[in-house]
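Structural features, examined
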Amino acid sequence: MTYVSDMDVAQQMLREGLVKAIVHIPEGFDTSLSENSKVILTVTLDNTDPLSAAAIGPGIAKASQQLSSLIQTSTANGAIVNVDLENAYRTFLYIEFMAPGTFIQSIMFVSIIAGGVQLVTDKERGIIEGYLVTPLKKYEIILGVLLAGVIKALISSIALFFLAIIVTGIRPMSIWPTPDLIGITLTMFTLVLTSLGLIAMMTAYAVRFSSGDIYRVSSFPINLTLYYTSGAIYPLDGFPTWMKEISVINPETYAVHALRLLMYNGAGFAAVAGDFAFLGAFTGLMLILSQLAFRRGL
């Protein structure tokens, strides 16, 4: 819980995802209670997270009822504390909450196929050995594999993005009701950075395998672990401790968080700078590992 005296600052914190709700305590709150007055607390919920909003709103309303009962019982005071719940944004459905995680999941599927299955299949067919007798350097080969995978991942995620708009009716703030060039650019950058990092990770993982079947069997547990601990289908605050510990080092967590803020909260670069920093560091590390694994594995 954080106390701020400026409502504009509180609303900015809500847009940046730093808080889930704003409880506005009116001036003279204690005086009104002592004068047997009816006091109204306004609670603004970040309803882009429907599960958290559904838990916070009734929880605060119940607390206000308990406070009113306590005051009336202990002081014979007739003061009543009521809560006025309001949403910060338009009505959001749970399917919209899941959408950013679904886009990242599509990138991960492409990463498994383009960054791993295709590479292992090329090794089995001797295609990679054919590349090695060309003037191409090894880093140029792996760079081509990564860039081809990024293009496929972007096509997949963007196609899914527009399909979600048409079929499920999601309305990202970056393009609805008026396009926001900065928001669109930051969203695309998130997808590109995530694609490059995940594809490089799966390439580094796959280069040691000589059998495509073994790679496929071993890669999908990785996919499910990253997906379920990323906050894609349930808020991170509701995770048990062991899942929270995994989510801290999960790149998909930061990608999903950044996409939600950009798509639904209208957040700017400052709100997602931490997510970009982690994704940038992760991508850089995976690029180095994929290069080293490719050189040693062939």
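See above for the structure.
Presented here is a report on the structure given in the accompanying data block.

Calculation notes
- Residues numbered from 1 in each chain as written.
- Predicted model: local features only at pLDDT ≥ 70, side-chain atom pairs only at ≥ 80, totals over all residues.
- Heavy atoms only, no water.
- Salt bridge = Lys/Arg side-chain N within 4 Å of Asp/Glu carboxyl O.
- Helix = DSSP H or I, 4+ residues; strand = E, 2+ residues; numbered from the N terminus.
- Buried < 20%, exposed > 50% of the residue type's maximum accessible area, 1.4 Å probe, protein only.
- Phe/Tyr/Trp six-rings, centres within 6.5 Å; stacked < 30°, edge-to-face > 60°.

Focus: the pattern of salt bridges
- Summed over the entire model, instances satisfying the criterion amount to two salt bridges.
- Salt-bridge contacts for aspartate 49 lead to lysine 20; the nearest nitrogen and oxygen are separated by 2.9 Å. On the criterion of sequence distance, the pair formed by aspartate 49 in the loop between strand 2 (38-45) and helix 3 (50-75) and lysine 20 in the loop between helix 1 (7-15) and strand 1 (21-24) is long-range, its members being 29 residues apart.
- For aspartate 49, a relative accessible area of 4% gives the class buried.

Here we look at the packing of aromatic side chains
- Taken as a whole, this structure holds 11 aromatic pairs when the rule is applied.
- Between tyrosine 94 and phenylalanine 97, the ring centres sit 5.9 Å apart and the planes meet at 20°, which makes this aromatic pair stacked. Residue tyrosine 94 and its partner phenylalanine 97 are both found in helix 4 (residues 94-125); the two are separated by three residues, about one turn of the helix.
- The partly exposed category is assigned to tyrosine 94, whose relative accessible area is 34%.
- Looking at phenylalanine 97, the relative accessible area reads 2%, which means it is buried.

As for the environment of isoleucine 151
- Within the element layout of this structure, isoleucine 151 appears in helix 6 (residues 138-167).
- Its relative accessible area of 51% is what places isoleucine 151 among the exposed residues.
- Separated by 44 residues in sequence, isoleucine 151 and serine 195 place their C-alpha atoms 8.7 Å apart.

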